[in-house]
Amino acid sequence: MSLPSRIYPVVDRAVWVDRLGGAGARLIQLRVKDLEGAVLLGEIRAARAHAARHGVCLVLNDYWRLALDEGIDFIHLGQEDLDDADLAAIRAGGIRLGVSTHSTGELDRALSVRPDYVALGPVWPTRLKKMPWGPQGVERLREWKRLVGSVPLVAIGGITLARVASCIAAGADCVSAVSDFIGQPDPEAQVRAWLAATAEGAVFQDGSIT
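Note that the structure is predicted; figures quoted are calculated from it, not measured.

K.L.:
How should I be thinking about the pattern of salt bridges in this particular structure?
P.N.:
Pairing is possible between side chains of opposite charge, provided their charged atoms come close. Summed over all chains, the structure comprises eleven salt bridges. Between arginine 140 and glutamate 143 there is a salt bridge, and its shortest N-O distance comes to 3.2 Å. Here glutamate 143 and arginine 140 lie together in helix α7 (residues 138-148), a separation of three residues that amounts to about one turn. Residue classification places arginine 140 among the partly exposed residues on the basis of a relative accessible area of 27%. Taking relative accessible area as the criterion, glutamate 143 reaches 27% and is therefore assigned partly exposed.

Written out as C-alpha cells, the structure reads:
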C-alpha cells in the first residue's frame with residue numbers, strides 16, 4: 001500500500017489543483033467548506049478536470065456521495081464523517097479512503113475500516129482549524145507508524161518546509177499542509193521545494209537520508 005507522492009497539499013478551490021498540479025504535486029486534497037449546491041459541484045468538477053490533465057490523484061474531503069457520483073479517486077473523512085458514511089458503497093465504488101486521527105481510540109477506529117492512509121495531526125500548532133487536541137509532536141508520528149504498520153501515514157498540522165524532514169525522519173510516508181502551499185508568495189516554487197525536500201536520497205540536516 002502506498003501513496004503517489006510524499007507531499008500532499010490541501011486546497012480550498014479547484015484553481016489550486018491546476019496551479020500546484022502543474023508545478024508537480026501529484027496528490028492534492030480539495031477541502032471546500034464554504035460552498036454548496038451547484039457551485040460546490042462545479043468546483044469539484046473543475047478540480048477533477050485539472051487533476052486529470054496534470055496526472056494528479058485528487059482527494060475530496062467529506063463529500064463522499066459526490067465523490068461516488070463524480071468518480072473522484074479518493075476521499076478523506078474525519079472521525080465524525082465515519083458516523084454517516086456508507087463505507088460499503090465507497091468500497092464498492094472503488095474509491096480509496098483516508099481517515100483523520102488524533103488519539104489512539106480514533107486510530108483504532110480508523111484502522112478498523114481498512115483505510116488507504118491514516119492522517120495524524122496537528123503535529124504542530126495550527127491556526128487554520130480549532131481542535132480540542134494539542135500538538136501531537138514528531139514522537140507521536142513514530143508511535144503511530146509502529147501502530148499502523150504498512151498503512152501509509154500522513155502528517156498534517158502546522159507543517160512548513162523547514163519541518164518536512166523531521167516528519168519523514170519520524171516515519172511519516174507523506175507530509176501535508178495548507179498555508180505552506182497556498183499562503184506562499186510563489187506556491188509553485190514551494191511545491192518544487194517540498195518535492196526536493198522529500199525526494200528519495202534527500203539529505204536531512206541531521207545527516208540522515210530519505
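K.L.:
I'm lost on the environment of leucine 35 in this one. Help?
P.N.:
One can find leucine 35 in the loop between β2 (27-30) and α2 (37-54). Through-space distance from the C-alpha of leucine 35 to that of aspartate 84 is 20 Å; in sequence the pair is 49 residues apart. Ignoring any residue separated from it by four or fewer positions in sequence, one finds leucine 35 in contact with Arg13, Leu40, Glu43 and Tyr63.

K.L.:
Explanation requested: the side chain of glutamate 43 in the structure shown.
P.N.:
Among the structural elements, glutamate 43 can be located in helix α2. Comment: no salt bridge for buried glutamate 43; closest opposite-charge side chain is arginine 13, at 4.5 Å. Leaving out residues up to four positions away in the same chain, glutamate 43 has contacts with Arg13, Ala14, Val15, Leu30 and Leu35.

K.L.:
Could you clarify how one ought to interpret the environment of arginine 19 in this entry?
P.N.:
Structurally, arginine 19 is set in helix α1 (residues 14-22). Arginine 19 sits in the partly exposed class, given a relative accessible area of 33%. Taking the C-alpha atoms as reference, arginine 19 lies 6.8 Å from glutamate 188; in sequence the two are 169 residues apart. Once you skip the residues sitting within four places of it in the chain, arginine 19 turns out to touch Pro187 and Glu188.

K.L.:
I tried to follow the packing of α1 against helix α10 (residues 187-198) on my own but got confused; where do I start?
P.N.:
Packed helices, taken two at a time, are described by their axes: the angle between them and the distance between them. It is the contact of α1 with α10, at a shortest axis distance of 8 Å, that shows an interaxial angle of 50°. The orientation of α1 relative to α10 falls into the category oblique. By crossing handedness, the relation of α1 to α10 is classed as right-handed. For the pair α1 and α10, the contacting residues are Trp16, Arg19 and Leu20 in the first and Pro187, Glu188 and Val191 in the second. Its residues assigned to classes, the contact of α1 with α10 comprises four nonpolar, no polar and two charged.

K.L.:
Sorry, what's going on with unusual backbone geometry here?
P.N.:
When glycine is set aside, most residues are seen to have a negative phi, and most peptide bonds are trans. Note that the residue after glycine 121, namely proline 122, is joined by a cis bond; omega there is -10°. A positive phi is found at aspartate 62, a non-glycine position, where the angle reads about 80°. Residue position: aspartate 62 is located in the loop between β3 (57-61) and α3 (64-70). Of note in the backbone geometry, arginine 114 takes a positive phi value of approximately 55° without being a glycine. Among the secondary structure elements, arginine 114 is positioned in the loop between α6 (104-112) and β6 (117-120).

K.L.:
Would you take a moment to explain the sheet that holds β3 for this structure?
P.N.:
By definition, the strands of a sheet pair up through backbone hydrogen bonds, in either a parallel or an antiparallel sense. Judged by pairing direction, the barrel is parallel, and its eight strands sit side by side in the order β1-β2-β3-β4-β5-β6-β7-β8 before closing back on the first. Within this sheet the neighbouring strands show an average axis-to-axis angle of 25°, counted without direction. Of the strand pairs in this sheet, β3 and strand β4 (residues 74-77) are connected by three bridges, and their pairing is parallel. Pairing of valine 59 across the sheet is with phenylalanine 74, part of β4. The sheet contacts of α10 involve β1 (7-11) and β8 (174-177), and relative to β1 the element is tilted by about 150°.

K.L.:
How should I be thinking about α10 in this particular structure?
P.N.:
An α-helical segment advances 3.6 residues per turn. Residues three or four places apart therefore align on the same side. Between its terminal C-alpha atoms α10 stretches 17 Å, which fits the 16 Å expected from twelve residues at 1.5 Å a residue. Within α10 the residues assigned to the buried category are Pro187, Glu188, Gln190, Val191, Trp194 and Thr198. The buried residues of α10 occupy an angular sector of 160° when projected down its axis, which confines them to one face. Looking at the buried positions of α10, the neighbouring elements they touch are β1, α1, α8 (161-169), β8 and α9 (179-182).

Definitions and cut-offs
- Residues numbered from 1 in each chain as written.
- Predicted model: local features only at pLDDT ≥ 70, side-chain atom pairs only at ≥ 80, totals over all residues.
- Heavy atoms only, no water.
- Salt bridge = Lys/Arg side-chain N within 4 Å of Asp/Glu carboxyl O.
- Helix = DSSP H or I, 4+ residues; strand = E, 2+ residues; numbered from the N terminus.
- Buried < 20%, exposed > 50% of the residue type's maximum accessible area, 1.4 Å probe, protein only.
- Contact = heavy atoms within 4.5 Å.
- Lys, Arg positive; Asp, Glu negative; His and termini not counted.
- Axes fitted to C-alpha atoms, helices over the stretch in contact; angles between N-to-C directions.
- Parallel < 35°, antiparallel > 145°, perpendicular 65-115°, else oblique.
- Left-handed = near helix turned anticlockwise from the far one by under 90°.
- Nonpolar A, V, L, I, M, F, W, Y, C, P; charged D, E, K, R; others polar.
- Pairing = 2+ DSSP bridges.
- Expected span 1.5 Å × (residues − 1).
- Arc of directions from axis to C-beta.

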